[in-house]
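The chain contents come next:
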Amino acid sequence: MESKKHYKLYKSGKKWKTLAITAAVAVAGVVSLNNVTANADVTSSAVATVAVAQTSSASSVVLESSTSAVATSSTSEASAAASSAVVSSSASSSVTSATSSVVDAASASTVASSADTAATSATSSSEVSVTSASSEVSTVSDSSSVATSTTSLTSQSTESATSDSADSSATSTQDSSVTSAEVVTREVAAVATSSTKNGWVSGNGTYTYYTNGKVASGENYSYLPSISGTGYNWYLVKDGVALSGVQKWYGSYYYFDPTTYLKLDHQDYVKSQWGLWYMVGSDGIVQSGVQKWYGKYYYFDPVTYLKLDHQDYVKSQWGDWYMVGSDGIVQSGLVQWYGHYYYFNPVTYLKATNTTFSYNGISLTADNTGIITGTTTSSQFLLKIYQATLDGWKEYGVLPSVTAAQAILESGWGQSALATEANNLFGIKGSYNGQYVIMSTAEYGSGGYYYVNAEFRKYPSFYESVVDHGYFLYSNSRYSNLLHQTSYATVTSLLQSDGYATSPTYASSLNNVITTYGLQSWDTAAGV
């Protein structure tokens, strides 16, 4: 009897313990899920479950617990469905937390069940009600396990939904990014295309030709759109840059205008980019050899292409030989070269050989080498002083015809003692480079002529004597009025009035010699 009493009290306590555990499991599951969503249906279901658990009998607790588990599972599914649209890590964390709470509750039920079983064994009771009670507790434990499993599935479903949502969001973002990238790429390509260089581009004083932003490498003579913008023209281009000035191309030198960059299409004497002058033909090629320019022939060195700047006897591009002066001009007429005279035809500019002719009043002959000599004594004298008289005009401005006439009168055609001993043609006293001779000379005074010994300049040749005569007049201020005069009659008159000679007929005597031998042609030869 006493045992039954204790058993009933135990059974009653057992029922309340079971009810409390079941209620705790249900509430823990519902509260955890309620944190995930704000679903009103879940809250109502949880409240209903607790109410039933508090008012039901021991046998109905198992059913209600199962119902609660099912309700919890349904609620979890509904919550998972609602949460599938949420792509946040906090939602996933909340579901995981709810799952953990349900598992803890199930574990507690299992411990309680083990304790009940131990108590039942201790009483050695065989009543079916005890077994039933343990069975009920086990059922609750199973229900809890089902709830745990269901919650776990719910968590997986939620995680899957979260993952799907994230994938969907990532895919959407990726698609959006790809679309944006394509748009940016097209825009960049459009900008790049619009800014790509094409045609001639000016910069740093040069023009560069571009094709789709690139320049052709190397040096090329290319037919391109004109820099001026009209039509096409040929340009010499190196690495895209148009060249100007003197440029070498396939073994020849060409000249390209520094303004138009076009090859010169007419003959011209032009200044290069480095300051030197060149003759350019109508084909734009820099010329060498003998070239005609403004009525005169010039010689351009075939190596340097520069105009010759010194006297030389040169071979032309066609094989003939020409005499070229220090001004680069091909010479004609009587020319002195290495101590000899040569004659170059004024039409052909070629050297005369094996012929006799008259030139500027001088009777001359040319041998087989072209060396010129005078055919008479007077011609030979005139030939010796000819070049010197021309140089005297160039250096000092003394007219050639007058100088020649003075030399003839004062030296007796170069036959006087002073001329033969000292090459002194004009009787100039003193010394020349320290050289002199002492000669007896007649002086005119109040009592008439008388003779004295005096020093006279001694020269290496007639040439130095003639040139020094020009210097003598140039350096004495009383003769400055006759320098660079172009009329021989004026010069002879001034010589007399300036006191050069004491003879009252000095001027007329000079004029007579000039006209007799045609010496005025020497003035013409000098360019007067």
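Residues numbered from 1 in each chain as written. Predicted model: local features only at pLDDT ≥ 70, side-chain atom pairs only at ≥ 80, totals over all residues. Heavy atoms only, no water.

In terms of helices and strands, the protein carries 12 helices and 20 strands. The proportion of buried residues among the 528 residues of the protein is 39%. Look at the contacts in the protein between residues 6 or more apart in sequence, and 50% of them connect residues 24 or more apart. Only carbon and sulfur atoms are counted for the fraction: they give 53% of the accessible area of the protein, which is about 27,900 Å². (Helix = DSSP H or I, 4+ residues; strand = E, 2+ residues; numbered from the N terminus. Buried < 20%, exposed > 50% of the residue type's maximum accessible area, 1.4 Å probe, protein only. Contact = heavy atoms within 4.5 Å. Areas by Shrake-Rupley, 256 points an atom, 1.4 Å probe, with all protein chains shown as cover.)

This brings us to the sheet that holds strand S17 (residues 362-366). What the 5 strands build is an open sheet, ordered S14-S15-S18-S17-S16; its pairing is antiparallel. In this open sheet, the two edge strands, each paired with only one partner strand, are strand S14 (333-337) and strand S16 (355-359). Ignoring which end each strand starts from, the neighbouring axes of this sheet average 45 degrees apart. In this structure, strand S15 (residues 340-344) lies alongside strand S18 (residues 371-374), joined through 2 bridges in antiparallel fashion. (Pairing = 2+ DSSP bridges. Axes fitted to C-alpha atoms, helices over the stretch in contact; angles between N-to-C directions.)

In this section: the layout of surface pockets. Computed from the structure, the largest pocket encloses a volume of approximately 1,000 Å³. Every residue lining the largest pocket is counted, 28 residues in all, and those nearest its centre are Glu 410, Phe 426, Gly 427, Thr 441 and Ala 442. Of all the secondary-structure elements, those providing two or more residues to the lining of the largest pocket are helix H7 (400-411), helix H8 (417-422), strand S19 (436-445) and strand S20 (448-457). Here the residues of the lining of the largest pocket sort into 16 nonpolar, 8 polar and 4 charged. In this structure, the second largest pocket encloses a volume near 810 Å³. Among the elements of the structure, strand S11 (296-300), S14 and helix H6 (377-396) are those that each provide at least two residues to the lining of the second largest pocket. Ranked by residues supplied to the lining of the second largest pocket, first place goes to H6 with 5 residues. A class-by-class count of the residues in the lining of the second largest pocket yields 13 nonpolar, 9 polar and 4 charged. (1 Å grid on protein atoms, 1.4 Å probe; cavity = no way out; pocket = protein on both sides within 12 Å on 5 of 7 lines; lining within 4 Å. Points joined across faces, edges and corners; volume = space filled by probe spheres on them. Nonpolar A, V, L, I, M, F, W, Y, C, P; charged D, E, K, R; others polar.)

Moving on, we come to the packing of H6 against helix H9 (residues 462-475). Look at H6 against H9: their axes get within 8 Å of each other, and the N-to-C directions meet at 30 degrees. By the angle between their directions, the pair H6 and H9 is classed as roughly parallel. In this structure, the crossing between H6 and H9 has a hand that is right-handed. Residue-level contacts link Phe 381, Lys 384, Ile 385, Gln 387, Ala 388, Thr 389, Asp 391, Glu 395 and Tyr 396 of H6 to Phe 462, Tyr 463, Val 466, Val 467, Gly 470, Tyr 471 and Tyr 474 of H9. Among the residues forming the contact of H6 with H9, the class breakdown is 10 nonpolar, 3 polar and 3 charged. (Parallel < 35°, antiparallel > 145°, perpendicular 65-115°, else oblique. Left-handed = near helix turned anticlockwise from the far one by under 90°.)

Here we take up the pattern of salt bridges. Counted according to the given criterion, the structure contains 2 salt bridges. We note a salt bridge from Glu 443 to Lys 429, for which the minimum N-O separation is 2.9 Å. Residue Glu 443 is located in strand S19, and its partner Lys 429 is located in the loop between H8 and S19; the two are separated by 14 residues in the primary sequence. Residue class for Lys 429 comes out partly exposed when judged on its relative accessible area of 42%. Across the salt bridge formed by Asp 468 and Arg 457, the nearest N and O atoms sit 2.8 Å from each other. One end of the pair, Asp 468, is in helix H9; the other, Arg 457, is in strand S20, with 11 residues separating them in the sequence. (Salt bridge = Lys/Arg side-chain N within 4 Å of Asp/Glu carboxyl O.)

Phi at Tyr 338 is positive, roughly 55 degrees, even though this residue is not glycine. Inspection of the secondary structure puts Tyr 338 in the loop between S14 and S15. Positive phi values are uncommon outside glycine, yet Asn 360 reaches one of about 50 degrees.

This brings us to helix H10 (residues 488-497). What H10 keeps buried is the set Val 491, Thr 492, Leu 494 and Leu 495. One side of H10 carries all its buried residues, which in axial view fall inside an arc of 160 degrees. Structurally, H10 contributes buried residues whose contacts are with H7, H9 and helix H11 (506-516). (Arc of directions from axis to C-beta.)

Turning next to the packing of H7 against H11. The geometry of H7 relative to H11 is characterised by a closest axis approach of 9 Å and an angle of 105 degrees between their N-to-C directions. Between H7 and H11, the crossing angle belongs to the class labelled roughly perpendicular. On H11, the residues touching Ser 401, Val 402, Ala 405, Gln 406, Ile 408, Leu 409 and Glu 410 of H7 are Tyr 506, Ser 509, Leu 510, Val 513 and Ile 514. In terms of residue class, the contact of H7 with H11 is built from 8 nonpolar, 3 polar and 1 charged.

Each regular strand carries side chains that alternate between the two faces of the sheet. Sheet topology note: the strand S8 (residues 268-271)/strand S9 (residues 277-280) ladder contains 4 bridges and is antiparallel. Bridge assignment links Val 270 to a residue of S9, and that residue is Tyr 278. Between the end of S8 and the start of S9, which pair antiparallel, lie 5 residues, with Gly 275 showing a positive phi angle near 95 degrees.

Next up on the list: the environment of Phe 472. Looking at where Phe 472 falls in the secondary structure, it is placed in helix H9. In this structure, the C-alpha to C-alpha distance between Phe 472 and Ile 428, residues 44 residues apart in sequence, is 8.5 Å.

For the structure shown, the criterion picks out 32 aromatic pairs. For the pair Phe 381 and Phe 462, a centre-to-centre distance of 5.8 Å together with 75 degrees between the ring planes defines the contact as edge-to-face. Highlighted residues: Phe 381 in helix H6 and Phe 462 in helix H9, separated in sequence by 81 residues. Classification of Phe 462 as buried rests on a relative accessible area of 11%. Ring geometry for Phe 472 versus Tyr 479: centroids 6.2 Å apart, planes at 40 degrees, classification tilted. Among the residues examined, Tyr 479 registers a relative accessible area of 1% and is labelled buried. (Phe/Tyr/Trp six-rings, centres within 6.5 Å; stacked < 30°, edge-to-face > 60°.)

Let us now look at a nonpolar patch on the surface. Residues Tyr 223, Tyr 232 and Trp 234 make up a contiguous nonpolar surface patch of roughly 370 Å² in combined accessible area. If you trace the backbone, Tyr 232 turns up in strand S4 (residues 232-238). Take Tyr 232: its relative accessible area is 48%, and that puts it in the partly exposed class. (Patch = residues over 30% accessible without salt bridge, like charges linked within 9 Å, V, L, I, M, F, W, Y side chains within 5 Å.)

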